[in-house]
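Below are the chains, spelled out letter by letter.
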Amino acid sequence: MKINFSSRRLGTAAASCVLGLAFAPHTSAAVSDEDFNTLKDMVQKLQQSHEQDQQQIQKLQTQLGDTQTQVQKTDATVQAQSTSAIRDALHNFTMVGDAEIQFAKTLRGADDSNGNPHRSGFLLADFAPIFLYRANDNILFEAGFDIMLNNGQANGTLLNSETSYTHDSGSSTSVSVSFAQLDYLINDYITFVGGYMLLPLGTYSERSAGFLNKMPDGPLGREFLPGAGAGVQLRGAIPIGDSGQMLTYAVYGANGPSSVDGSGNAYTLDSNGNQIHNLDLGGNVGLMSDGSIGNMHTAPSGGGRLGWFIPWGGAHQDLEIGVSGQTGVWDDAGNHYWTAGVLDAALHVGPSFELKGEFINSWYNTVDVGRVHPWAVWAQAGYKLAGLNLDLPVISDIELVGRFDKENDGLGTHIQRYTVGYVYYLTNTLLFEGDYEWLHSNDASVPASQLILQLSYGF
Amino acid sequence: MTNMKTSRFFRTSFTRATARFALAVILAGGFAATLAAADPTAATDKTGPVKKKLTGAELYVIHCNRCHQERYPTEFNSAQWQTLMTHMRVRANLPAKQAKEVLKYMKEEAGK
């Protein structure tokens, strides 16, 4: 029975095949060539579209990868910038400066009131920080202070006599502003400076810190010039070639000197009735200590400096020369002028030898004594013993220095001084300096000679 | 009359002092030129000196050492050197490009 059923099925299938084969050519002939080509085009177009889609997908995947990488980089940059901003905010503020301790022993030509011509003691303790704040690449605010320990003073009368005396008693501390100025770097050639500025009359006022000067005290004649003034200044440098040679300039307007009593007299009296010089070269800012506006002259003073720096053999072989000056009225009425001119020069011959100096000349007209003409000259030389190549640890760290200076205040007092000394470099910024000075003057208060020792630190 | 004498005295003293200062500068210049001529490091070959642009390190020695002892780059960090060089560019009146070269050198060698 089973066999019969299979045989019938096989027969039906075979018949179907025969029919299929018989009718197949008739069915194919029903699709036209045009339909076939249309269908073929459609398939091809679909294939192209598919390929384009694949390419687009690849592009998008690539772009996505790039974007992810960019995002990662941006994240890293932002993180670095935020870290840097925090660091810069802390490090834009920097403090530099110097500190000194001095010991002095003086010998007067004539005995003092106690019959003892010798005096010695620790002369001063000074801390002079400079605060720098850089707002950005072009703006810097800088302020220098001088914090100094001073002797206090007590007055009294001797027992059993009516002789008065003064006596050093205790100590006090003075704080003064050396300069406080805003620097704006306008471009590569012009910098604007405004505020209470160090004045470029010669070079000493801008290079006078204890560890720069190489002498425990300053040269004579600088008291004939204002060290700083309130005003504005333009300064800059123009390089010449690629050797480091350059021309430098500075022009400024600043409140000039003033008159202690307002008049144009050469002398006036202080609160104790002592005769003092009437010309006051100190800072004159117009605003009084009680907040009122004081006399500010008829116009500020004007001044400037031109300098020429000439290196000729690379490092440590150079000459710098400069000419500077300032002029303006000094009495309240604005009828009398004060004028100063300074020539300066500095020479380096090799790493061991240095010679520098200034010639200071000033004039001012007065009501009572006519034209007064203070002037001074100083020259200072130094030689580092390392230049001898002795290979001795202490000797090679010593620089020998010598100085000659002379001044005449134009009102009858003159001083001439010879100085020899040394600098022992404990480190590059810690200096132990000493000098011995011989002085000649017609002023009895000027010592005949003195020894000054100084420990100076620049930071 | 006294004023005239005083004035003459000042003029004479002024002239003498000026002459002495000028003489000192001239003598120093001559001394420097002599030493420079005797300096073996300054010798050049027959073709003359080879001019090259100074590096930041060379400019640092030229400009900084003429006023103070060498300050080591590691004494301050990079940001501090930028502030200090802005200060020194103004104080020492340094040309901008040379100051930037010096700053670049100091930053490369700066402490962390």
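Remember, it's a predicted structure, so these values are computed and weren't measured experimentally.

Tallying secondary structure elements over chain A gives 3 helices and 21 strands in all. Looking at chain A residue by residue over its 459 residues, the buried ones come to 31%. At a minimum sequence separation of 6, the contacts of chain A that also span at least 24 residues come to 56%.

Helices and strands together make up the secondary structure of chain B, namely 4 helices and 0 strands. Beginning at the N terminus, the succession of helices and strands in chain B can be written as α-α-α-α. Counting every position in chain B, which comprises 112 residues, the buried fraction comes to 27%. Put simply, 74% of the contacts in chain B that link residues at least 6 apart link residues at least 24 apart.

Quick look at the confidence of the model for chain B now. On average, residues of chain B carry a pLDDT of 71, and 54% of them reach 70 or more. Segment residues 30-47 of chain B: pLDDT under 50, and 15 contacts once partners within four positions in sequence are set aside and those in other chains are kept.

Relative orientation and spacing of two packed helices are given, respectively, by the angle between their axes and the distance between those axes. Residue and element names in this part refer to chain B. Where helix H2 (residues 56-64) meets helix H4 (residues 96-109), the axes come as close as 8 Å, and the angle between the chain directions of the two elements is 110°. Classified by the angle between their axes, H2 and H4 sit roughly perpendicular to one another. Of the two possible hands of crossing, H2 and H4 adopt the one that is left-handed. Side by side, H2 and H4 meet where Gly 56, Ala 57, Leu 59, Tyr 60 and His 63 of the first sit next to Gln 98, Glu 101, Val 102, Lys 104 and Tyr 105 of the second. Here the residues of the contact of H2 with H4 are counted per class, giving 5 nonpolar, 3 polar and 2 charged.

Every buried residue of H2(B) is listed here: Leu59(B), Tyr60(B), Ile62(B) and His63(B). On the buried face of H2(B), the contacting elements are strand E12 (301-311) and strand E13 (317-329) of chain A together with H4 of chain B.

All names here are of chain A. Summarising the sheet, E12 and E13 pair through 10 bridges and their orientation is antiparallel. When the sheet's bridge partners are listed, Gly 303 is paired in E13 with Gln 326. The hairpin formed by E12 and E13 contains 5 residues between the paired strands, and Gly 314 there has a positive phi angle of roughly 90°. In the sheet, E13 pairs with strand E14 (residues 337-349) via 13 bridges, with the strands oriented antiparallel. In the sheet register, Thr 327 faces E14, and the bridge partner there is Thr 339.

Grouped together as the largest cluster of nonpolar side chains are 51 residues, with contacts concentrated most on Met197(A), Ile360(A), Ala376(A), Met85(B) and Val102(B). Each residue touching Ile360(A), except ones within four places of it in the same chain, is listed here: Gly202(A), Gly221(A), Phe224(A), Leu225(A), Val342(A), Trp375(A) and Ala376(A).

It is worth spelling out the confidence of the model for chain A at this point. Summarising the model, chain A shows a mean pLDDT of 87, and 86% of its residues fall at 70 or more. Note that pLDDT drops below 50 for residues 1-5 of chain A; the model gives that stretch 0 contacts with residues more than four away or on any other chain.

Cut-offs used in this document
- Residues numbered from 1 in each chain as written.
- Chains lettered and ligands numbered in written order.
- Predicted model: local features only at pLDDT ≥ 70, side-chain atom pairs only at ≥ 80, totals over all residues.
- Helix = DSSP H or I, 4+ residues; strand = E, 2+ residues; numbered from the N terminus.
- Buried ≥ 20, exposed ≤ 12 C-beta atoms within 10 Å, placed from the backbone.
- Contact = placed C-beta atoms within 7 Å.
- pLDDT = per-residue confidence, 0-100.
- Axes fitted to C-alpha atoms, helices over the stretch in contact; angles between N-to-C directions.
- Parallel < 35°, antiparallel > 145°, perpendicular 65-115°, else oblique.
- Left-handed = near helix turned anticlockwise from the far one by under 90°.
- Nonpolar A, V, L, I, M, F, W, Y, C, P; charged D, E, K, R; others polar.
- Pairing = 2+ DSSP bridges.
- Core = buried A, V, L, I, M, F, W, Y, C linked by C-beta atoms within 7 Å.

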